[in-house]
Each structure stands twice: as C-alpha cells, then as structure tokens.
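Coordinate analysis (summary)
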Amino acid sequence: MATDFDYDRGEIHGTYASGRALTPEQTDFWQAILREELAGADVGCVMDLGCGVGRFSAMLREVFHARVYGIDRSERMLATAALNAGARGTWWIRADAEALPVRGASADLVFMFLVYHHLRDPVGGLGECARVLARGGILLVINATVETLDSYHWLPFFPSARRIDLARLPTRDGLARAAGEAGLALQRSRTVLNPVAPDLRAYADRIASRTISTLQLVPDDEFARGIVEFRRYCEREDRGQRVEDQMDVFVFRRSEDTT
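Below or above, wherever it landed, is the structure these notes cover. (Residues numbered from 1 in each chain as written. Predicted model: local features only at pLDDT ≥ 70, side-chain atom pairs only at ≥ 80, totals over all residues. Heavy atoms only, no water.)

Moving on to the overall build of the protein chain. Tallying secondary structure elements over the protein chain gives ten helices and seven strands in all. Computed over the C-alpha atoms, the radius of gyration of the protein chain is 18 Å, within 12% of the 18 Å expected from 2.2 N^0.38 for a compact globule of 259 residues. Among the 259 residues that make up the protein chain, the fraction classed as buried is 52%. Nonlocal contacts in the protein chain, meaning residues at least 24 apart in sequence, comprise 79% of its contacts between residues at least 6 apart. Taken as a whole, the protein chain presents about 11600 Å² of accessible surface, with 48% of it coming from carbon and sulfur. Here the protein chain contributes 32 positive and 37 negative side-chain charges, whose respective centroids are spaced 1 Å apart. (Helix = DSSP H or I, 4+ residues; strand = E, 2+ residues; numbered from the N terminus. Rg over C-alpha atoms; globule rule 2.2 N^0.38 Å. Buried < 20%, exposed > 50% of the residue type's maximum accessible area, 1.4 Å probe, protein only. Contact = heavy atoms within 4.5 Å. Areas by Shrake-Rupley, 256 points an atom, 1.4 Å probe, with all protein chains shown as cover. Lys, Arg positive; Asp, Glu negative; His and termini not counted. Charge placed at Lys NZ, Arg CZ, Asp CG, Glu CD.)

Encoded structure:
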C-alpha cells in the first residue's frame, strides 16, 4: 500500500489550485487563526513550507506584512504557484524540508499546512525548522491527525483511504514527540473546525476533484465507485449547512527559547 505521494507525477498540479482553492469562509477563518496564534509576535520573514501552489502565501503576506518564501519539493506545484497573481511578491524555492537552503535563525515564522504527513523524515524536517527559526520564532503546524480522521465525511466511501491515512498521519502525541526530538517545544495545541464547503453538494464537488493526496493513492476503480456513492449521500443528506472538518493546530518554539 503506497503512502507517499509525488506531486510531480500526473496532473494534480493543474487541478489543485481550483479543487483546493480557499473559500471566502476559509480565508476569513484561517486569517483569524493566524492572528490569534501569532498575536503580539514580530513577524518579518515567513517560510511557507510545503507551499504547493501558494494558496496560503498571499494570506501570510497580507496578515503579517512580511517577506514570504514559498518552499516546496514539487517543481510542477511551484511552477503553478508562480502563475498565481494573488501570490506575486512571494519568493519561490524548490527544496526538501529536510535540507532547506536557508541560513539559520532567519525566519520568524515557519508555516506548515497539511504538510507534516508528507515529510520523508519528520524529525529531520522539524530539525530544519528549528534551525531556521530566529530567536523567539514560531513553527505553526496545521495538520490532520489520526484523532481527526472520523470527522471527514468522505472517508467511509473509499475503503483503502483509512488504511492509507492511518499509516501516514501522526497522532497528536507522536507529532509532539517528534518535535521534541528535533529541538522544538510545544507551546499549545487545539482542534479547530475548518469550514471546507458551504454545503454537502459543494463538498462533493471538492472531493470529486481528487486533489486530496489520499484519494490519489486509492485505486482508480475504488475512487470511481466511491465518488458516485458519496455524491448520492451528499444529495440525500444535504440540508444547506456548512461542512466542517477537524484539524489540529500546534504552536512550537525552539526548546532553547523556552528554558
């Protein structure tokens, strides 16, 4: 069972921007989270690590009025990001998280949104985050965890998806332990409700785009059957209510800054 997804394989770079575009509700929601978690922090330089097509890069620049560097190992995703007019002014860097071509103590914020489970060496990647953080800097990790899996409406319709995510998603405690090994201290964490779609029918359209890496890893025939059944479910159960998924938010500082 494959659990590692290569964003330079196939055409996901061409559909990701539309299939995973931030809704207005999501934009407002995540801007509020950023302001809450970084309240009072002096943020002049941001590393958007695992930036993909840059969907958060413009938000980070707007919220913090900071220099933003979008870093990703996918050549195709970065090429798509560079075409994003909204993210102009971002510096794009192709690199692995485990080997950042960035000088030490240079970033006030390292931002990782749905990236942690893609790290080939979690402790190594987090260690690089610790290295590039300036004194008092913050690593903000926002990710699905094993504990949030049951909040995803689509998951039961794709039988192999749960096995894939159980094999690659961290537990909350496991993520915190890996960060500790990498020289980072957990300051706080919380579970939030990400407003992914205005209603179930719109949610089905987002899932049908197959821009979630888990769904790229399930067999094609399984996805074809599952999306038909999921659309039927969404049409039957839709009451016009906003759809929310659980996500975990972790705030870390360098261990040496907390002693």
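Take empty space enclosed by the protein next. Tallied over the full model, the rule gives one cavity of 30 Å³ or more. Taken as a whole, the largest cavity encloses approximately 840 Å³ of empty space. Lining the largest cavity we find 46 residues, and of these Tyr16, Arg20, Arg55, Leu114 and His117 sit closest to its centre. Broken down by element, the residue count for the lining of the largest cavity peaks at three residues, all from helix H8 (residues 200-208). (1 Å grid on protein atoms, 1.4 Å probe; cavity = no way out; pocket = protein on both sides within 12 Å on 5 of 7 lines; lining within 4 Å. Points joined across faces, edges and corners; volume = space filled by probe spheres on them.)

Taken together, the buried positions of helix H1 (residues 12-19) are occupied by Ile12, His13, Tyr16 and Gly19. Each buried residue of H1 lies within a common arc of 130° when the element is viewed along its axis, so the set occupies one face. Along H1, exposed side chains directed more than 90 degrees from the buried face belong to Gly14 and Ser18. For H1, the elements touching its buried residues are helix H4 (75-82), H8 and helix H9 (213-217). (Arc of directions from axis to C-beta.)

In terms of nonpolar packing, the biggest core is built from 54 residues, with Trp30, Phe64, Leu109, Leu140, Trp154, Tyr203 and Ile207 touching the most fellow members. Not counting the four nearest positions on each side in its chain, Ile207 is found in contact with Trp154, Phe158, Ile212, Leu215, Phe223, Ile227 and Phe230. (Core = buried A, V, L, I, M, F, W, Y, C linked by side-chain atoms within 4.5 Å.)

This paragraph deals with the packing of H8 against helix H10 (residues 220-237). Taken N-terminus to C-terminus, the directions of H8 and H10 make an angle of 170°; their axes are 8 Å apart at the nearest point. One way to sum up the angle between H8 and H10 is to call them roughly antiparallel. Within the contact between the two elements, H8 uses Leu200, Arg201, Tyr203, Ala204, Asp205, Ile207 and Ala208 and H10 uses Phe223, Ile227, Phe230, Arg231, Cys234, Glu235 and Glu237. (Axes fitted to C-alpha atoms, helices over the stretch in contact; angles between N-to-C directions. Parallel < 35°, antiparallel > 145°, perpendicular 65-115°, else oblique.)

Another aspect to go through is the packing of aromatic side chains. Per the stated rule, a full pass over the model turns up 14 aromatic pairs. Measuring from ring centre to ring centre gives 5.3 Å for Phe157 and Phe230, while their planes differ by 65°; the resulting arrangement is edge-to-face. Residue Phe157 is located in the loop between strand E5 (133-143) and helix H6 (159-168), and its partner Phe230 is located in helix H10; the two are separated by 73 residues in the primary sequence. You can call Phe230 buried: its relative accessible area is 0%. By relative accessible area, which is 22% here, Phe157 ends up partly exposed. Here a set of aromatic residues connected by ring pairs shows up, and it is made of Phe29, Trp30, Phe56, Phe111 and Phe113. Stacked on the ring of Phe223, the Lys or Arg Arg210 has its end atom at 4.5 Å from the ring centre. (Phe/Tyr/Trp six-rings, centres within 6.5 Å; stacked < 30°, edge-to-face > 60°. Lys NZ or Arg CZ within 6 Å of the ring centre and 35° of its normal.)

It is at 10 Å that the axes of helix H2 (residues 24-37) and helix H3 (residues 57-64) come closest, and there the two elements cross at 50°. Taken together, the axes of H2 and H3 lie oblique to each other. Two packed elements cross with a definite hand, and for H2 against H3 that hand is right-handed. Contacts from Thr27, Trp30, Gln31, Leu34 and Arg35 of H2 reach H3 at Met59, Leu60, Glu62, Val63 and Phe64. (Left-handed = near helix turned anticlockwise from the far one by under 90°.)

Relative to the helices and strands, Arg254 is located in strand E7 (residues 243-254). By relative accessible area, Arg254 is classed as buried at 11%. Setting aside anything within four residues of it in sequence, one finds Arg254 in contact with Ala130, Leu133, Ala134, Arg135, Gly183, Leu184 and Ala185.

Everything listed here is a matter of coordinates, which is why it stays silent on function.
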